[in-house]
Amino acid sequence: MRNLTHLERLEAESIHIFREVVAEAENPVMLYSVGKDSSVMLHLARKAFYPSPPPFPMLHVASGWDFQALLEHRDKTVKEYGLELIVAQNEDAEEQGINPFDTGSALYSQAQLTDPLKRALTEHGFDAAFGGGRRDEEKARAKERVFSFRTASHRWDPKNQRPELWNLYNAKKNKAESIRVFPISNWTELDIWQYIALEKIDIVPLYLSQKRPTVERDGMLLVVDDDRFRLEEGEETVERSVRFRTLGCYPLTGATESDATDMSLIIQEMLLATGSEREGRAIDKGQSASMEDKKQEGYF
Amino acid sequence: MSVQDSSFQMDSLIAEDIDAYLDQHQHKSLLRFITCGSVDDGKSTLIGRLLYDSKMIFEDQLAALQSDSAKHGTQGEEIDFALLVDGLAAEREQGITIDVAYRFFTTEKRKFIVADTPGHEQYTRNMVTGASTADLAVILVDARKGVLKQTRRHSYLVHLLGIKHLVLAVNKMDLVDYDQRKFDEIVRDYGEFAKEAGIEDFTAIPISGFKGDNITAAPCSNTPWYHGHALIEHLETVKLANTAAQERSFRMPVQWVNRPNLDFRGFAGLIAGGTVKPGDMVRIVPAGKTSTVKTISTFDGDMDEAVAGQSVTITLADEVDCSRGDVIAAAGDPPEASDQFCSTIVWMDETAMKPGRGYWLKLGSQMVTATVQPPKYEIDVNSLDHLAAKTLELNSIGVAEFSTDRPITFESYEKNRELGGFILIDKFSNATVAAGMIDFSLRRAQNVHWQPTTITRDDHSSLKNQRPRVLWFTGLSGSGKSTIANEVEKQLALMNRHTFLLDGDNVRHGLNKDLGFTETDRIENIRRIGEVSKLMADAGLIVLTAFISPFRAERQMVREMLPDGEFIEVFVDTPLEVAEARDVKGLYKKARDGELKNFTGIDSPYEAPETPEIRVNTVDMTPVEAAEYIISQILPLK
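Residues numbered from 1 in each chain as written. Chains lettered and ligands numbered in written order. Predicted model: local features only at pLDDT ≥ 70, side-chain atom pairs only at ≥ 80, totals over all residues.

**Q** How would you summarise the overall build of chain A if you had to cite specific residues and measurements?
**A** Scanning chain A from N- to C-terminus turns up seven helices and 10 strands. The proportion of buried residues among the 300 residues of chain A is 51%. (Helix = DSSP H or I, 4+ residues; strand = E, 2+ residues; numbered from the N terminus. Buried ≥ 20, exposed ≤ 12 C-beta atoms within 10 Å, placed from the backbone.)

Written out as structure tokens, the structure reads:
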């Protein structure tokens with residue numbers, strides 16, 4: 001007899017979810033953002049199907065304004081584990097004049113993230129997509145099911161969710177419906193970090209502190225990741241020791257000043273932090289139920 | 001903050017020795033619990049308080065909360081903790097929670113997942129959902145109001161779902177001046193009800209979610225008369241269900257067969273009971289073959305032992321047949337397999353239960369077609385009385401017998417949640433319509449065996465020099481089903497084929513004369529005709545049936561009774577206006593005048609086939625042409 005720890009129980013639950021989807025869906029895919037939650041998901045997927053590789057491709061929605069280090073990490077990981085990678089991107093952004101500096105955040109995320117994602121899912125006919133959403137992230141997510149159904153136009157209807165009992169998931173779907181599956185629904189941010197540390201999961205170095213060229217703008221510290229970054233009048237680039245708690249498009253993602261250069265220090269900083277994880281994302285600001293509105297439109 | 005919050009004070013360890021903190025956190029166990037209470041019992045406030053005290057709320061969230069409190073809050077200048085947990089925008093405006101939300105917090109000893117469910121009567125299904133994964137339930141009672149109808153309802157439901165640990169949290173003690181007599185009175189009332197409901201044990205704690213009394217630490221100066229644990233202390237020390245599960249016999253439902261190459265064949269699943277080691281004798285249920293466990297293979301290397309609650313991949317020493325839906329179990333004590341059982345069910349869909357209709361039933365990794373008998377009784381969850389019922393509506397609970405199209409492996413819910421709990425799925429809407437908890441299998445299923453016959457189905461059909469088939473004519477009343485079917489039979493007879501025509505009106509004079517025209521009776525009508533058609537097809541005949549058969553689900557049920565390709569759906573697609581204008585039997589007129597109830601097309605729906613094998617109509621074709629077309633579509637006959 002042995003007492004399972006909370007991480008062992010979470011791991012077992014996530015693996016069970018991965019296997020249910022592969023057994024019941026016709027054409028699953030994993031949304032791979034290359035962030036810490038995605039890295040944990042990938043690790044769990046590798047465990048679920050070992051010694052087989054995960055029997056589904058990875059889909060990365062690239063906005064064109066991704067951190068270089070993130071793309072390098074993505075390509076390295078895919079190669080190392082022999083994964084199939086699909087990259088979805090709005091190729092016409094430049095022509096349409098869409099960029100993170102001039103375009104409003106709602107339109108930007110719609111054009112660069114939501115639309116390419118929906119397009120890729122429809123084009124490839126994926127009927128189930130694993131996502132890294134966690135219930136502790138945000139109030140709207142706290143109520144979402146592990147198996148969450150989307151209409152043909154990828155909308156979420158929070159009022160019409162199926163009851164989810166025990167560990168029995170109903171994966172039967174109506175024509176043209178698809179499922180978003182959240183295997184790490186019950187993990188918290190602390191669980192994620194702790195698991196990364198315990199399992200020695202390789203993550204993008206952006207999460208660790210290092211000297212980076214930064215600009216202060218609207219109360220956020222932005223990292224100048226490439227020469228497309230437009231400096232406004234009076235702004236100057238300053239080298240600071242910074243890291244990221246969450247990764248998005250580099251001109252929209254705020255860094256935090258930090259000396260945390262290893263996993264324990266990151267966790268320590270997180271536990272002593274006074275701001276929530278999503279604070280660094282410009283997209284989530286605005287009215288307080290805005291995540292719910294975005295989900296209804298199909299944002300993951 | 002007062003001294004009462006001390007059990008949450010971990011900041012110093014985090015700041016001074018993060019590795020020691022992480023080591024402690026890593027070894028924490030997990031307790032899942034559910035909170036239930038009526039609308040104003042202060043449930044959201046309590047959860048908000050737990051999150052706040054355990055520092056799960058950040059400054060930016062607190063700032064948003066403060067501005068929200070001013071806008072929607074009900075606590076004046078104070079922070080309204082309820083707003084923190086009432087997630088969805090719509091319900092925030094109504095000031096009620098309407099779904100299950102999951103919250104997380106941690107203390108020094110344990111990590112907690114809270115299922116927060118609403119109190120309204122109409123949301124029983126959400127409570128049942130939240131309770132299905134919980135080890136413990138916190139039942140909230142407003143000290144001013146005492147034990148209410150809903151308190152009883154919630155307690156009964158969590159007891160039904162098999163939750164062994166119940167906490168009666170008598171909340172808002174601050175509003176009754178921390179009066180001990182008030183508390184004792186509520187505990188006594190609740191005790192009486194608990195006994196009646198079969199609840200063996202519960203722990204009562206006087207609290208104030210708003211003020212924080214007896215939440216994190218006891219004793220509290222406001223309740224010097226209370227000597228028990230604070231709520232959190234109790235949650236931290238309760239025994240966990242997953243250790244109890246390890247004491248049972250080994251069971252693992254097979255989720256997926258892992259076959260990366262010819263040398264490896266692993267069976268992946270989550271262990272639902274007991275423990276397993278290499279060398280253990282196991283039995284594959286329902287087939288009954290035995291083998292030995294060769295390895296327990298994981299990403300982190302082979303394991304010496306795995307226990308209930310772990311997801312593993314097992315390899316066996318022998319090449320036995322085993323696939324998704326099978327259960328690998330201790331060879332000496334396997335679970336039973338049966339195709340008939342009795343179960344308590346909670347109906348969760350707007351559309352009421354349809355006795356006789358086939359539903360998908362999912363239990364473990366098994367998916368079968370199940371039909372449910374009319375309920376033996378419905379349970380009034382307020383009085384616990386047994387009521388007579390013909391069906392179950394949304395949020396009602398009853399007991400009924402089930403039969404499945406093939407044997408499934410299960411245990412009683414009381415013995416094993418994972419192998420005793422199931423969901424029912426509607427075959428057309430795909431909605432999860434019910435949750436079931438199996439009570440026991442029915443003896444007759446174990447004693448009625450199939451009698452093997454010497455002259456087989458194939459012998460019958462080859463003697464007749466034809467392939468048996470069921471031509472299932474469906475369409476509105478007056479669409480021409482009987483006329484066309486009759487013509488098809490005449491032409492087949494001329495081709496020396498052995499046929500039989502089952503006609504709707506004729507069958508209702510004999511076999512089905514006890515049935516009326518309600519939805520339930522119509523389903524039973526079609527079920528019987530399906531069974532008769534199947535027997536005749538077994539005898540080698542080409543069967544023609546002419547029934548309105550308005551529901552897709554029942555036509556699908558008959559299709560599934562027969563071997564692939566033998567059920568041929570013939571849709572007589574005559575529009576309603578045409579059928580009604582003809583009105584050969586004068587029935588449409590009667591229905592329009594209100595003399596005839598439940599008439600298909602008028603006040604009862606007709607669900608047209610989406611992809612019938614054959615489609616004909618009597619507008620563009622004569623009956624003879626339609627019959628010729630149908631025969632051309634089923635050639636060759638042998």
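**Q** Describe the overall build of chain B, and please don't skip the residues or the numbers.
**A** Within chain B, the secondary structure is distributed over 21 helices and 28 strands. Buried residues in chain B amount to 46% of all 638 residues. In chain B, the share of contacts with a sequence separation of at least 24, taken over all contacts with a separation of at least 6, comes to 72%. (Contact = placed C-beta atoms within 7 Å.)

**Q** Explain helix H17 (residues 519-538) of chain B residue by residue, including any values.
**A** Residue and element names in this part refer to chain B. Along its 20 residues, H17 runs 29 Å from first to last C-alpha, staying within 8% of the 28 Å computed at 1.5 Å per residue. Residues Arg522, Ile523, Glu524, Asn525, Ile526, Ile529, Gly530, Ser533 and Ala537 constitute the buried set of H17. Against the buried residues of H17 lie strand S24 (469-474), strand S25 (499-503), helix H16 (504-509), strand S26 (542-546) and helix H18 (552-561). Two residues or fewer past H17, glycine 540 is found with a positive phi of approximately 100°. (Expected span 1.5 Å × (residues − 1).)

**Q** So what's going on with the sheet that holds strand S27 (residues 567-572) of chain B? Which residues, and what values?
**A** Residues and elements named next belong to chain B. Pairing within the open sheet is parallel, and its five strands lie in the order S25-S26-S24-S27-S28. A strand with exactly one partner marks an edge of an open sheet, and here the two such strands are S25 and strand S28 (614-616). Ignoring which end each strand starts from, the neighbouring axes of this sheet average 20° apart. As paired strands, S27 and S28 are joined by three bridges and run parallel to one another. For phenylalanine 571, the partnering residue across the bridge sits in S28 and is arginine 615. Here helix H21 (residues 623-634) sits on the sheet in contact with S24, S27 and S28, set at roughly 170° to S28. (Pairing = 2+ DSSP bridges. Axes fitted to C-alpha atoms, helices over the stretch in contact; angles between N-to-C directions.)

**Q** Can you tell me about helix H1 (residues 6-24) of chain A, naming the residues and giving the values?
**A** With 19 residues, H1 of chain A ought to run about 27 Å at 1.5 Å a step, and its terminal C-alpha atoms sit 27 Å apart, in line with that. Counting buried residues in H1 of chain A gives 17 out of 19 residues, a clear majority hidden from the surface.

**Q** I'd like to hear about the interface of chain B and chain A, residue by residue, with values.
**A** Each partner contributes to the interface: chain B provides 62 residues, whereas chain A provides 57 residues. A per-class count over the side of chain B that touches chain A returns 28 nonpolar, 21 polar and 13 charged. (Nonpolar A, V, L, I, M, F, W, Y, C, P; charged D, E, K, R; others polar.)

**Q** Mind laying out the packing of helix H15 (residues 481-494) of chain B against H21 of chain B, listing which residues take part and the relevant values?
**A** All names here are of chain B. At a minimum axis distance of 8 Å, the contact between H15 and H21 shows a crossing angle of 60°. The angle between H15 and H21 places the two elements in the oblique class. For H15 against H21, the interelement crossing comes out right-handed. Between H15, through Thr483, Ile484, Glu487, Val488 and Gln491, and H21, the contact on the second element is made entirely by Pro623, Val624, Ala626, Ala627, Ile630 and Ile631. (Parallel < 35°, antiparallel > 145°, perpendicular 65-115°, else oblique. Left-handed = near helix turned anticlockwise from the far one by under 90°.)

**Q** Please set out the sheet that holds strand S10 (residues 256-257) of chain A residue by residue, giving values where relevant.
**A** Residue and element names in this part refer to chain A. Taken together, the four strands give an open sheet; going across it, the order is S8-S7-S9-S10, and neighbouring strands pair in antiparallel fashion. The sheet is open, and its two edges are formed by strand S8 (220-223) and S10, each paired on a single side. Taken together, the four bridges between strand S7 (residues 210-217) and S8 define a ladder with antiparallel strand orientation. Paired with threonine 214 across the strands is valine 223, a residue of S8.

**Q** Outline the environment of lysine 585 of chain B, supporting the account with residue identities and numerical values.
**A** For lysine 585 of chain B, the location among the structural elements is in the loop between helix H19 (576-582) and helix H20 (587-592). Linking lysine 585 of chain B and serine 477 of chain B, residues 108 residues apart in sequence, is a C-alpha distance of 9.2 Å.

**Q** Can you tell me about the confidence of the model for chain B, naming the residues and giving the values?
**A** All names here are of chain B. With 89% of its residues at a pLDDT of 70 or more, chain B has an overall mean of 86. Here residues 1-9 scores under 50 on pLDDT; set against residues more than four positions off or in separate chains, the count is 18 contacts. Contacts from residues 88-97, a stretch scored under 50 in pLDDT, to residues over four places away or in other chains number 19 contacts. ipTM for the predicted complex: 0.89, alongside a pTM of 0.78. (pLDDT = per-residue confidence, 0-100.)

**Q** Please give an account of the pairing of strand S11 (residues 281-285) of chain B that cites residues and values.
**A** Residues and elements named next belong to chain B. With respect to burial, S11 is a largely interior element, four of its five residues being buried. Pairing of S11 with strand S12 (residues 290-297), which is carried by three bridges, proceeds in the antiparallel orientation. Pairing of arginine 283 across the sheet is with threonine 290, part of S12. The sheet contact formed by S11 and strand S15 (residues 327-330) spans four bridges and is antiparallel. Residue pairing across strands places valine 285 opposite valine 327, the latter belonging to S15.

**Q** How would you sum up the packing of helix H2 (residues 36-49) of chain A against helix H5 (residues 189-199) of chain A? Please name residues and give values.
**A** Residue and element names in this part refer to chain A. With their axes 10 Å apart at the nearest point, H2 and H5 run at an angle of 55° to one another. One way to sum up the angle between H2 and H5 is to call them oblique. Seen along the crossing, H2 lies across H5 with a hand that is left-handed. On H5, the residues touching Lys36, Asp37, Ser39, Val40 and His43 of H2 are Ile192, Tyr195, Ile196 and Glu199. In the contact of H2 with H5, the residues fall into four nonpolar, two polar and three charged.

**Q** How would you summarise unusual backbone geometry if you had to cite specific residues and measurements?
**A** With an omega of 5°, the peptide bond between tyrosine 50 of chain A and proline 51 of chain A qualifies as cis. Mapped onto the elements of the fold, proline 51 of chain A is located in the loop between H2 and strand S2 (58-61). Along the chain, valine 285 of chain B connects to proline 286 of chain B via a cis peptide bond; the corresponding omega equals 10°. Note on placement: proline 286 of chain B falls in the loop between S11 and S12. The backbone phi angle of aspartate 177 of chain B is positive, close to 55°, even though this residue is not glycine. Looking at the element boundaries, aspartate 177 of chain B is found in the loop between strand S5 (165-171) and helix H9 (180-197). A residue is classified by how many C-beta atoms lie within 10 Å of it, and aspartate 177 of chain B, with 9 of them, is exposed. Positive phi is not limited to glycine here, since leucine 384 of chain B has a value of about 65°. If you trace the backbone, leucine 384 of chain B turns up in the loop between strand S19 (377-379) and strand S20 (386-387).

**Q** Describe the environment of glycine 191 of chain B, naming the residues involved and giving the relevant values.
**A** Topologically, glycine 191 of chain B is positioned in helix H9. The partly exposed category is assigned to glycine 191 of chain B, around which 15 C-beta atoms lie within 10 Å.

**Q** I'd like to hear about the pairing of strand S18 (residues 366-372) of chain B, residue by residue, with values.
**A** All names here are of chain B. Judged from the six bridges that link them, strand S17 (residues 358-363) and S18 form a sheet pairing that is antiparallel. Counted as the bridge partner of lysine 362 is methionine 367 from S18. Judged from the three bridges that link them, S18 and strand S21 (residues 397-410) form a sheet pairing that is antiparallel. Across the sheet, alanine 370 pairs through a bridge with threonine 404, a residue of S21.

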